[in-house]
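Coordinate analysis (summary)
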Amino acid sequence: MHWTDYITPLMEGAWVTVQLTLYSTVLGAVLAFVFGIGKLSPNWAIKGISVAYIEVFRGTSLLVQLFWLYFALPLAGTAMGIDLRLPPVLAGVLALGLNIGAYGAEVVRGAIQSVHTDQHEAARALNFTSRQTLWNITIPQAIPEMMPSFGNLAVQNLKDTALVSLISLGDLTFRAEQIRNFTQDSTTIYSMLLVTYFGMALVVTGLMRLLERYVTRWRTVGG
């Protein structure tokens, strides 16, 4: 086979990788805000759940989380008489989203706590409730601070998608490994894989920088 014959299957795998990255990043962003804000909650139950989620998913391997969702969860469900089998795509999205969400939650928490206390005092002077202060003052000022870290997490999430190949999900890495096993052309395959991931990472970085500029501009106009 000529190296040009590798392009079509690799692009098919790349499309799966793009979908995994998009879905899991969106899920992770939602979880980051939910549990990042939850960790600052005065309610001990909400704070406890948030801390537990963050510590568990930051303190364990993403690969183990993926294997647990795909292999162990169905066995646990069978023992309870429940069908908990997950399609590979869903297991991959959940594992990636839960993992990046835990790291993102700490970014959200840190950004919220970095908002100057004068802003909170001004909100109290205006008789804002805690919820109004959070959503109308704190979060709008904290979001621009979160964006660089979120950009790094999005790129890391893209690279972490390679792990889903271990549950036979036909992503970019899985397709590359299939071709390599068939052709034994390791140098060409892995070189193309490196270039493809690098190109995708550049795209993600560019998109996140555009989003960061938009958020900063929105905050400036809004302020």
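Below or above, wherever it landed, is the structure these notes cover. (Residues numbered from 1 in each chain as written. Predicted model: local features only at pLDDT ≥ 70, side-chain atom pairs only at ≥ 80, totals over all residues. Heavy atoms only, no water.)

In terms of regular secondary structure, the protein chain is built from eight helices and zero strands. When the elements of the protein chain are put in sequence order from the N terminus, they spell out α-α-α-α-α-α-α-α. For the protein chain, the residues scored as buried account for 40% of the 223 residues in total. The long-range fraction of contacts in the protein chain, counting pairs at least 24 apart against all pairs at least 6 apart in sequence, stands at 77%. As displayed, the protein chain offers around 12,700 Å² of accessible surface, 65% of which is attributable to carbon and sulfur atoms. Measuring between centres, the 14 positive side-chain charges of the protein chain sit 8 Å from its 13 negative side-chain charges. (Helix = DSSP H or I, 4+ residues; strand = E, 2+ residues; numbered from the N terminus. Buried < 20%, exposed > 50% of the residue type's maximum accessible area, 1.4 Å probe, protein only. Contact = heavy atoms within 4.5 Å. Areas by Shrake-Rupley, 256 points an atom, 1.4 Å probe, with all protein chains shown as cover. Lys, Arg positive; Asp, Glu negative; His and termini not counted. Charge placed at Lys NZ, Arg CZ, Asp CG, Glu CD.)

Bringing the side chain of N99 into the picture now. Structurally, N99 can be placed in helix α4 (residues 88-114). The residues touching N99, leaving out its near neighbours within four places in the chain, are F57, T60, L62 and Q65.

Inspection of the secondary structure puts A32 in helix α1 (residues 7-38). Along the backbone, A32 and Y214 are 182 residues apart, and their C-alpha atoms lie at a distance of 20 Å. Once you skip the residues sitting within four places of it in the chain, A32 turns out to touch I37, G101, G104, A105, V108 and F150.

So, on to the packing of aromatic side chains. Under the definition given, this model contains five aromatic pairs. Seen from their ring centres, Y70 and F71 are 4.9 Å apart, and the 80 degrees between their planes marks the pair as edge-to-face. (Phe/Tyr/Trp six-rings, centres within 6.5 Å; stacked < 30°, edge-to-face > 60°.)

For α4, spanning 27 residues, the distance from its first C-alpha to its last is 39 Å, which sits close to the expected 39 Å at 1.5 Å a residue. Roughly 25 degrees is the biggest bend found in α4, and it falls at A102. (Expected span 1.5 Å × (residues − 1). Bend = angle between axes of the 7 residues up to and from the residue.)

Moving on to the pattern of salt bridges. For the coordinates displayed, the defined rule picks out four salt bridges. Measuring nitrogen to oxygen at the nearest pair gives 3.3 Å for the salt bridge that ties R109 to E106. Of the two residues, R109 and E106 are both situated in helix α4; the distance of three residues between them amounts to about one turn of the helix. Owing to a relative accessible area of 17%, E106 belongs among the buried residues under this scheme. Overlapping salt bridges, with partners in common, bring together K39, E106 and R109 in one network. (Salt bridge = Lys/Arg side-chain N within 4 Å of Asp/Glu carboxyl O.)

On to the environment of R180. Inspection of the secondary structure puts R180 in helix α7 (residues 172-183). Separated by 10 residues in the primary sequence, R180 and Y190 have C-alpha atoms spaced 8.4 Å apart. In contact with R180, other than residues within four places in its own chain, are D185, S186, I189 and Y190.

Here we take up the packing of helix α2 (residues 44-59) against α4. Contact pair α2 / α4: the axes reach a minimum separation of 8 Å and the direction vectors enclose 120 degrees. In terms of their interaxial angle, α2 and α4 are classed as oblique. Read as a crossing pair, α2 and α4 show a hand that is left-handed. Across from Y53, I54, F57 and R58 in α2, the residues of α4 making contact are G97, L98, N99, G101, A102, Y103, A105 and E106. Taken together, the residues that form the contact of α2 with α4 break down as seven nonpolar, three polar and two charged. (Axes fitted to C-alpha atoms, helices over the stretch in contact; angles between N-to-C directions. Parallel < 35°, antiparallel > 145°, perpendicular 65-115°, else oblique. Left-handed = near helix turned anticlockwise from the far one by under 90°. Nonpolar A, V, L, I, M, F, W, Y, C, P; charged D, E, K, R; others polar.)

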